[in-house]
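# Descriptive structure summary
So the chains spell out like this:
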Amino acid sequence: MDRRQFISRAAVGAVAAASVSKAALAALPEPVIQTSPDTAPPLMPPSGRPYNPVVTLNGWTAPWRMNNGVKEFHLVAEPVEREIAPGMVARLWGYNGQSPGPTIEVVEGDRVRLFVTNRLPEATSIHWHGQRLPNGMDGVVGLNQRAIPVGKTYVYEFIARRPGTFMYHPHADEMVQMAMGMMGFWVTHPRTRSPLINEVQRDFCFLLNAYDIDPGSLVPKINTMLDFNLWTFNSRAFPGIDSMNVRLGDRVRIRVGNLTMTNHPIHLHGHEFEVTGTDGGPTPPGSRWPEVTTDIAVGQMRQIEFIADEEGDWAFHCHKSHHTMNPMGHDVPTMIGIDHRGLVGRIQQLDPEYMLMGERGMADMKEMPMMLPEQTLAMMAGFGPHGPIGMGGMFTTFKVRRNQKPGDYSDPGWYAQPPGTQAFEWQGSLPEPARFSAERLNAGEVSGLRRSALEMQVRKPGSGKHPH
Ligand SMILES: [Cu+2]
């Protein structure tokens, strides 16, 4: 049994134990804590109405217990350690051992009771983004409720009235608590078949988040407004983000919510998709059109859908190129085209470890055996079957395989491209290109145009009505 299976079975075991023995007598369901940042397998519903579960990228679904027909969850807001990618662990705040917290999965019409225990050093609350609920359950501190004091547990209860894609996060000291990673996904599955909601074979979800953590340190800078240096899917940066693995021909849904402070144009290679829903609900079919990139603004959620009908390893990433990059991409002067022959050697006489970045572009960075401080990530990293990938941040792969088994989410490894289907080096001779020449135009050699034939009138601002 590998570590992932062990953890998932341990989690299910803990729930089973909680629902029969101790917690049957206790008022609260026992919280289940996750320590692994791996993608947990889908949690098949052990009780309540049936549904087709989602897979949270580098995350997991919270187990629950049924109590007289009410679905009960227990979230614990607490400091957590989150591995952003191998080589870097951040000290964040989250829920039940991880940031983001566990995904909540319920079915339309479920009565849901959520116990929220505050083990943070300050007061908190949870807002259930996008839900129809009684005003007093909406979680805005001061407006809808008192803050949950340190050490106390509050209870939220409402009926999950509409199916769709939602999230949860604090509405107390938001700037700090969201910069520290407090957030989670929520999926309400439809109770019956709906013409607006397709059945899918694969259903992935994750949140977009961002942190500002100085190289070598552990805790995010909470006052940063825009200049973040870690761009993450579910608090993971490439190469720490798992691939999304599907079977050829599967209908796939990917649900994404944005809790960063900027928009992210999310781009899929090799396929076209439609936006089939937002946090406002399913989109009417007449409003859907094919896309390969969809922009997700701050506080928005999008669910995209498509048939995975092209085999291969396809990139899936934010299209802002600084968001597919880990720290140290900042404050580097552009050196492309600057002749600095001999400069590095002279500076190295003073500082033997001096390196010049970006002399021929920045691609060298991905191979440079540079000494990094502990607790940070290479700016560009990850190795593919054809060399270094040179990416970081909001980047992962979408793997489509003919022989992936139905319901099998495991990584099939790299795609073996059929012979003759990969870009290759041209070995023949190159013809001299015929180029348009501005010099020849100025010299009057092109189409008889003479410089003397050009007359211009220039008017200086504020110099009167007469042209000079
Ligand atoms: Cu982005």
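See the structure shown above.
My aim in this report is to walk through the structure given alongside it, one point at a time. (Residues numbered from 1 in each chain as written. Predicted model: local features only at pLDDT ≥ 70, side-chain atom pairs only at ≥ 80, totals over all residues.)

### Points about the overall build of the protein
- Per the secondary structure count, the protein includes five helices and 23 strands.
- Across the protein, the fraction of contacts at a sequence separation of at least 24, relative to all contacts at a separation of at least 6, is 73%. (Helix = DSSP H or I, 4+ residues; strand = E, 2+ residues; numbered from the N terminus. Contact = placed C-beta atoms within 7 Å.)

### Structural notes on the sheet that holds strand β15 (residues 264-268)
- What the five strands build is an open sheet, ordered β13-β23-β20-β15-β18; its pairing is mixed. Of all strands in the sheet, those with a lone pairing partner are β13 (244-247) and β18 (293-296), marking the two edges. Shown here is a sheet whose adjacent strand axes are inclined to one another by a mean of 20°, direction ignored. (Pairing = 2+ DSSP bridges. Axes fitted to C-alpha atoms, helices over the stretch in contact; angles between N-to-C directions.)

### Describing the sheet that holds strand β7 (residues 127-129)
- Judged by pairing direction, the sheet is mixed, and its four strands sit side by side in the order β5-β10-β9-β7 without closing on themselves. Looking along the sheet, the strands with just one partner apiece sit at the ends: β5 (104-107) and β7. Taken pair by pair, the neighbouring strands of this sheet meet at an average axis angle of 25°, ignoring direction.
- Pairing of strand β9 (residues 164-169) with strand β10 (residues 184-189), which is carried by five bridges, proceeds in the antiparallel orientation.

### Considering the pairing of strand β6 (residues 111-118)
- Burial along β6 is one-sided: the residues Val 112, Leu 114, Val 116 and Asn 118 are buried and none of Arg 111, Arg 113, Phe 115 and Thr 117 is.
- Note: strand β3 (residues 70-85) against β6, eight bridges, orientation parallel. Bridge assignment links Val 70 to a residue of β6, and that residue is Arg 111.
- Across seven bridges, the pairing between β6 and strand β8 (residues 153-159) is antiparallel. Following the sheet pairing, Val 116 is matched in β8 by Tyr 154. (Buried ≥ 20, exposed ≤ 12 C-beta atoms within 10 Å, placed from the backbone.)

### Considering the nonpolar core
- Ranked by size, the top nonpolar core spans 79 residues in total, and within it Met 167, Trp 186, Phe 204, Leu 230 and Ala 237 carry the most contacts.
- With near-sequence residues (within four places) excluded, Ala 237 lies in contact with Ile 84, Ala 85, Leu 230, Trp 231, Thr 232, Asn 326, Leu 377, Gly 392 and Gly 393. (Core = buried A, V, L, I, M, F, W, Y, C linked by C-beta atoms within 7 Å.)

From the geometry alone we can't say anything about function, so treat these as descriptive.
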